[in-house]
Amino acid sequence: MSDASETSPATDGNGNGNNVPAPRGSAGGPEVIGVRKGMFGARNGGDTSGYGGLVRTVAMPGESHRPYGSYFDEVVDELEGALEEQDLLPENAIEKVVVDRGELTLHIAREHLVRVAKTLRDDPALRFELCTGVSGVHFPEDRSRELHAVYHLRSITHGRVVRLEVTAPDADPHVPSLVSVYPTNDWHEREAYDFFGLVFDGHPALTRIMMPDDWQGFPQRKDYPLGGIPIEYKGAQIPAPDQRRSYS
Amino acid sequence: MNAQNASNGASSNPAASRETTEGTVYTVTGGDWDEIVRSAAKADDERIVVNMGPQHPSTHGVLRLILEIDGETVTEARCGIGYLHTGIEKNLEFRNWTQGTTFVTRMDYLTPFFNETAYCLGVEKLLGITDQIPDRATVIRVLLMELNRLSSHLVCIATGGMELGATTIMIYGFRDRELILDIFELITGLRMNHAFVRPGGLAQDLPPGAVDQLRDFLKTMKKNLPEYDKLATGNPIFKARMQDVGYLDLTGCMALGATGPILRSAGLPHDLRKSDPYCGYETYEFDVPTTESCDSYGRFLIRLEEMRQSLRIVEQCLERLEPGPVMVADKKIAWPAQLAMGPDGLGNSLDHIKNIMGTSMEALIHHFKLVTEGFRVPAGQAYAAVESPKGELGVHVVSDGGTRPYRVHFRDPSFTNLQAMAAMCEGGQVADVIVAVASIDPVMGGVDR
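Computed from a prediction, not measured in an experiment: that's the story for all the values here. (Residues numbered from 1 in each chain as written. Chains lettered and ligands numbered in written order. Predicted model: local features only at pLDDT ≥ 70, side-chain atom pairs only at ≥ 80, totals over all residues.)

Peer 1: Sorry if this is basic, but what is going on with the overall build of chain A here?
Peer 2: Secondary structure summary: chain A contains five helices and 11 strands in total. Counting the 248 residues in chain A, one finds 40% classified as buried. Long-range contacts, defined here as pairs at least 24 residues apart, represent 51% of the contacts in chain A between residues at least 6 apart. (Helix = DSSP H or I, 4+ residues; strand = E, 2+ residues; numbered from the N terminus. Buried ≥ 20, exposed ≤ 12 C-beta atoms within 10 Å, placed from the backbone. Contact = placed C-beta atoms within 7 Å.)

Peer 1: What is the right way to read the sheet that holds strand β6 (residues 147-155) of chain A from this model?
Peer 2: What holds strands together in a sheet is hydrogen bonding between their backbones, with the strands either parallel or antiparallel. Residue and element names in this part refer to chain A. Overall, mixed pairing links the five strands, which are arranged β3-β4-β7-β6-β5 in an open sheet. Looking at the sheet topology across the chains shown, the edges are occupied by β3 (94-100) and β5 (130-138). Averaged over all pairs of adjacent strands, the angle between their axes in this sheet comes to 20°, without regard to strand direction. Note: β3 against strand β4 (residues 103-108), six bridges, orientation antiparallel. By the bridge assignment for β4, V98 is matched with T105. (Pairing = 2+ DSSP bridges. Axes fitted to C-alpha atoms, helices over the stretch in contact; angles between N-to-C directions.)

Peer 1: Hey, could you run me through helix α18 (residues 430-440) of chain B in this one?
Peer 2: Count 3.6 residues to each turn of an α-helix, and residues three or four apart come out pointing the same way. Residue and element names in this part refer to chain B. α18 sits mainly inside the fold: nine of its 11 residues count as buried. Considered for burial, the residues of α18 that qualify are D432, V433, I434, V435, A436, V437, A438, S439 and I440. Note on α18: the residue one or two positions beyond its end, D441, has a positive phi of about 60°.

Peer 1: It is not clear to me how the interface of chain A and chain B should be interpreted in this structure. Could you clarify?
Peer 2: Many analyses report the size of an interface as the accessible area lost when the parts associate. Across the boundary between the two partners, chain A contributes 32 residues, which contact 35 residues of chain B. Secondary structure elements with two or more residues in the side of chain A that touches chain B: β2 (55-60), β5, β6, β7 (160-168) and α5 (185-196) of chain A. Looking at the side of chain A that touches chain B element by element, the count peaks at six residues for β5(A).

Peer 1: What is the right way to read the UniProt feature "domain: NADH:ubiquinone oxidoreductase 30kDa subunit" (unreviewed entry) in chain A from this model?
Peer 2: Per the UniProt entry, the sites bearing "domain: NADH:ubiquinone oxidoreductase 30kDa subunit" (unreviewed entry) are residues 107-228 of chain A in this numbering. Within the segment residues 107-228 of chain A, helix and strand shares are 18% and 29% respectively, and the terminal C-alpha atoms sit 36 Å apart. (UniProt positions renumbered as here; feature names shortened; annotations may be inferred.)

Peer 1: Even after reading the chapter, I still don't get the sheet that holds strand β4 (residues 64-70) of chain B, so can you show me in this structure?
Peer 2: Residues and elements named next belong to chain B. One open sheet accounts for three strands, arranged β3-β4-β5; its pairing is antiparallel. Strands with a single pairing partner mark the edges of an open sheet, and in this sheet they are β3 (48-52) and β5 (73-80). On average, adjacent strands in this sheet sit at an angle of 20° to one another, irrespective of strand direction. Relative to β5, β4 runs antiparallel, the two being bridged by seven bridges. Within β5, the position partnered with L67 by the bridge is A77.

Peer 1: Mind showing me how you'd approach the environment of R198(B) here?
Peer 2: Residues and elements named next belong to chain B. Position of R198 among the secondary structure elements: in strand β6 (residues 197-198). Linking R198 and D330, residues 132 residues apart in sequence, is a C-alpha distance of 14 Å. Excluding residues within four positions of it along the chain, R198 makes contact with T98, T101, C120 and A203.

See the structure below:
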């Protein structure tokens, strides 16, 4: 879904149109992923605090420019070179490079995720042998890239860490599975599926892992409430805590 | 006579059975294993699927092992987890950043200080204050983590021994762990679930008498640690049960993402304290033990040696303790006062209360805002990892610029390492499953979160 991902202000600010990936090194500001209104988070009922008119945009760190510093330039160079050798244009696979707080994040187009991960694992100059699993993040206001899957890869050989970030729209929550490259991601992907509804294509047995098999909904999405869900387990119904019998 | 009849009846029908689409299901509670096996053997199907757990003393909490067995051999093994899922990651998003420590400390309840420190390192990275954490706070964090490593390994060795029937080692392990929990109680007020490490530093300084008790503890522990060696290391029964059991070589470890003692038992000296140091670990002197045996016995030896190394680090921490603050100087992050025990037995600071209630309205407002609303964390994401007793404990924290975490994900080593259970157990004996699972040292609070 590289098309959808290009709607962010960070990458379409150079007049290239929305369907063409922005060239590397273009001016990219912080990436706005949402807007918050009011001050105290109250969404229902009147805000009598006087701060109801406050508007705050939520902006994640935007694209970085070379030199990235530390070992990051080397990692990106090596990855780009290795991808070119495989006849894959790096610009198509790597949507964006973000260096923030001393960490390197590579935003990867989801259709190329497996290839990139395999390259990162196998290339002798990269050798990210260890994947520490996937963390789902839900940005309901980040239009058509609502679901993010974030992977942290660690290279024991070189002592490095790199973060891969992949996005998928809510309407098509598919991300290729990395189990074939990193078998350790088996349970991690099941967990991300269980809590965020991210469907990892190619996973050997994508089932719920924490919640009961017949659970409805994906609990760690932002639109899923914290409590008040009637508990269902194998047909048995237990009312939400605030609706149970009380003896007071 | 009645009893005779009853037992006759039982031998013909030892366990209640019912027919399902998958075959006959026997529900076994108590009774004689031989009778169950005999009864199951009557069925045409040779295959028996045994559900071990979720309530079983040797499955370390509510872990369900689904074993397909052929005689005494395990042909397939699977884990069922999720029985202890408490939604901590979701709950964190509804509390402020400081309150988060109260939640994360409950994840892997045997390693609370690792959870807290990993979380706080992540938050501090987001805040950009990693360099401003006072030295004393960092030294105390290291001190507490290493004590915690001792207590976690002691539980692993104690319960692992108990599952083999070695109850003496269980008594020894819990005896020594109690000494550490006493120190935790003295320092933090609680034996578990401390919420003592906070973003920016620590909740409090060490109380009077803590250093003395720590020195006493070091003396006692140096006397006690060799007892484990004497009792178990060379014990032929112990070795016969543990050697070549739960085998997982380096290839398997890397593929399955196993870290911690499991990875080091395969010969790779990977320890985040050395390879990606945090909290100033690069300045401490300690060794990373490894073995080449890839088995449960090797992991036992590694845990034993790591406890010795932890004692070395604790000693170095005590030498380095210099008086100083234990919280960042930034008043927009640090809580306004160091609490002290008041005459009423409650924790507060009378000087501070006098100041905010009597003389400074602004200080009162600031205190109120900071404690109820919390501080804002600039938007972005960070990954912090520490070497917990079980392996790489990673925390992925995402902020949207608000006073609450937007998303916190824990990569708990128990969760990842437990995936290796099938690789370790399949093809082995049923009794060895217990040993293999014990050598993984899973804590379900961390696995399920």
